[in-house]
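# Topology and contacts: notes
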Amino acid sequence: MSKKRVNIIGAGLAGSEAAYQLLKRGYSVRLYEMRPQKMTPAHVSSSFAELVCSNSMRSNSITNAVGLLKEEMRHLDSLIMSAADHSSIPAGSALAVDRETFSQRVMETLQQFPDLEVTNDEVTDIFDEPSIYATGPLTSDALADAYSTLPGLAKLHFFDAIAPIIAYDSIDHSKVYRKSRYDKGDSSDYINCPMTKEEFNKFYRELIGAKTTELRGFEDQKVFEGCMPFEVMAKRGAKTLLFGPMKPVGLEMPDGKKPYAVVQLRQDNAAGSLYNIVGFQTHLTWPEQKRIIQMIPGLENARIERYGVMHRNTYLTSPNFLNKFYQSVQLPHLFFAGQLCGVEGYVESAASGLYAALNMDRFLSNQPPLDFTKETMMGAMAHYVSGANPQNFQPMNANYGLLDNSQLEKEERAKRSLEIIDSYGN
Ligand SMILES: Cc1cc2nc3c(=O)[nH]c(=O)nc-3n(C[C@H](O)[C@H](O)[C@H](O)COP(=O)(O)OP(=O)(O)OC[C@H]3O[C@@H](n4cnc5c(N)ncnc54)[C@H](O)[C@@H]3O)c2cc1C
């Protein structure tokens with residue numbers, strides 16, 4: 001008997017995870033990925049699961065919401081998590097990865113399955129066959145228009161920005177020091193560029209006057225708070241920076257003195273030749289990025305290997321359309337996953353792909369859906385996406401506020417969540 005086939009559209013974080021989960025359950029998967037035939041404005045390669053901006057998957061602690069989500073995924077044999085753990089590089093208590101090794105691992109694992117068929121075409125239609133749409137925030141226009149024809153589905157958007165990456169060998173090491181905040185993790189994980197009050201004030205004055213790129217539609221200022229451009233944050237006041245990305249607490253200098261402000265650099269690749277400027281996502285023009293970055297002590301001669309840019313992100317009114325299993329209520333052969341359906345972040349996107357695939361399996365094998373409940377982070381995110389108020393629906397990161405059992409300590413809630421996940425097995 002031939003194997004049941006599922007189409008997966010988009011080989012990003014969500015689509016790659018969904019493909020793995022279905023392939024290992026014996027399905028044949030046709031994976032549509034339009035790159036490299038057609039690129040998005042942010043992706044730069046043809047790799048699966050490309051990380052378009054930061055190389056961090058955030059905290060690994062289970063008392064942190066995204067840390068718990070990652071642990072749930074590990075308990076469910078997540079491909080994205082095993083590839084991330086395999087390619088991790090030092091980043092204190094966070095999980096950061098070498099982005100190339102990470103994507104390579106995802107691709108190699110998927111390509112080992114003979115029942116994977118990859119098609120590098122742009123999909124512009126809605127299929128009548130079982131399909132998981134995971135085309136992400138940079139979904140091509142033609143497909144985004146096709147989504148709008150589905151009952152109850154409309155496309156919304158917000159903006160978010162990418163931080164610049166600089167070359168390690170262009171940093172002046174006599175002015176910077178290595179330390180992670182409060183010495184969590186290995187103290188050599190971050191490079192810190194300290195500023196005096198005078199240096200900060202001068203930097204701040206120049207930053208708020210710096211030129212930004214024009215972006216059609218950005219006038220409505222729909223920026224995702226978690227990825228707000230640095231210069232937009234600065235315009236809210238100097239303290240927004242001093243209590244935000246430039247906060248000095250826990251980053252005393254080697255002589256024990258506390259700097260007035262700090263710019264942190266995080267290793268971006270395993271070779272350690274590239275560093276990300278933490279929290280400096282920006283849509284300044286490129287010459288202005290260079291001018292502002294080179295005002296930072298230690299970065300006077302910084303070579304920028306990738307400039308920051310800003311993009312329009314598409315997402316859908318999922319609460320009008322999906323049930324709590326990422327499945328269309330009216331067209332049950334269709335599932336939606338990833339940032340497109342209203343989760344936000346690499347890990348959250350991959351987690352939704354995993355959950356959608358498990359439920360696609362249930363659907364195709366005529367079993368009742370798998371309900372992880374709101375006691376798990378994975379279940380709670382799916383509840384949010386399907387049950388939020390559609391009038392002001394906005395993409396959401398994992399957070400403990402979504403989870404049931406708020407009277408319990410976080411450790412207890414995390415333990416309970418993992419017990420539920422384990423009772424399903426993998
Ligand atoms: C500019 C930017 C910066 C971001 N920075 C971060 C960050 O630093 N940290 C973080 O946690 N999250 C970040 N995000 C948010 C989000 O986590 C990522 O976008 C994540 O990659 C979403 O995963 P996904 O699987 O939903 O989509 P993606 O990973 O984008 O995958 C979607 C795939 O679908 C393909 N595709 C699109 N349309 C079609 C079509 N019509 N036919 C076939 N294929 C198609 C695309 O080429 C892509 O490979 C950022 C998003 C953007 C846009």
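Computed from a predicted model, the values in this text were never measured in an experiment.

## A short note on the overall build of the protein
Helix and strand counts for the protein stand at 12 helices and 16 strands. At 22 Å, the protein has a C-alpha radius of gyration in line with the 22 Å of a compact globule built from 426 residues. Burial statistics for the protein: of 426 residues in total, 48% are counted as buried. Across the protein, the fraction of contacts at a sequence separation of at least 24, relative to all contacts at a separation of at least 6, is 72%.

## Structural notes on the packing of helix α2 (residues 65-75) against helix α12 (residues 410-424)
Contact geometry for α2 and α12: axes closest at 9 Å, N-to-C directions at 25°. With respect to each other, α2 and α12 are oriented roughly parallel. Our pair here, α2 against α12, has a crossing hand that is right-handed. Contacts from Leu68, Glu71, Glu72 and His75 in α2 reach Ala414, Ser417, Leu418, Ile421 and Asp422 in α12.

## Focus: the environment of Asp169
Structurally, Asp169 can be placed in the loop between β9 (165-167) and β10 (177-178). For the pair Asp169 and Glu214, spaced 45 residues apart in sequence, the C-alpha to C-alpha distance is 32 Å.

## Comments concerning the domain arrangement of the protein
What the domain assignment reports for the protein is domain 1 (5-160 + 313-424) and domain 2 (165-308). Centre-to-centre, using C-alpha coordinates, domain 1 lies 30 Å away from domain 2. Opposite the 20 residues of domain 1 that make contact, domain 2 presents 19 residues. Elements with a contribution of two residues or more to the side of domain 1 that touches domain 2: α4 (99-111) and β8 (155-161).

## Examining the nonpolar core
Counting residues in hydrophobic clusters, the biggest one holds 123 residues, and the most contacted among them are Ala18, Leu69, Ile80, Ile132, Tyr326, Ala337 and Met381. Counting residues per element, this core draws most heavily on helix α10 (residues 346-364), at 10 residues. Both domains that furnish three or more residues to this core are identified here as domain 1 (5-160 + 313-424) and domain 2 (165-308). Apart from the residues lying within four places of it in its own chain, the contact partners of Ala337 are Ala14, Ala18, Ile132, Ala134, Tyr326, Ser352, Gly353 and Ala356.

## Some thoughts on the sheet that holds strand β6 (residues 116-119)
Taken together, 5 strands build an open sheet; the order of strands is β6-β2-β1-β7-β16 and the sheet is parallel. Unpaired on one side and paired on the other, β6 and β16 (334-336) mark the two borders of the sheet. In this sheet, neighbouring strand axes are inclined to one another by 20° on average, regardless of whether the strands run parallel or antiparallel.

Thresholds, definitions, all that
- Residues numbered from 1 in each chain as written.
- Predicted model: local features only at pLDDT ≥ 70, side-chain atom pairs only at ≥ 80, totals over all residues.
- Helix = DSSP H or I, 4+ residues; strand = E, 2+ residues; numbered from the N terminus.
- Rg over C-alpha atoms; globule rule 2.2 N^0.38 Å.
- Buried ≥ 20, exposed ≤ 12 C-beta atoms within 10 Å, placed from the backbone.
- Contact = placed C-beta atoms within 7 Å.
- Axes fitted to C-alpha atoms, helices over the stretch in contact; angles between N-to-C directions.
- Parallel < 35°, antiparallel > 145°, perpendicular 65-115°, else oblique.
- Left-handed = near helix turned anticlockwise from the far one by under 90°.
- Domains from an automatic or database assignment.
- Core = buried A, V, L, I, M, F, W, Y, C linked by C-beta atoms within 7 Å.
- Pairing = 2+ DSSP bridges.

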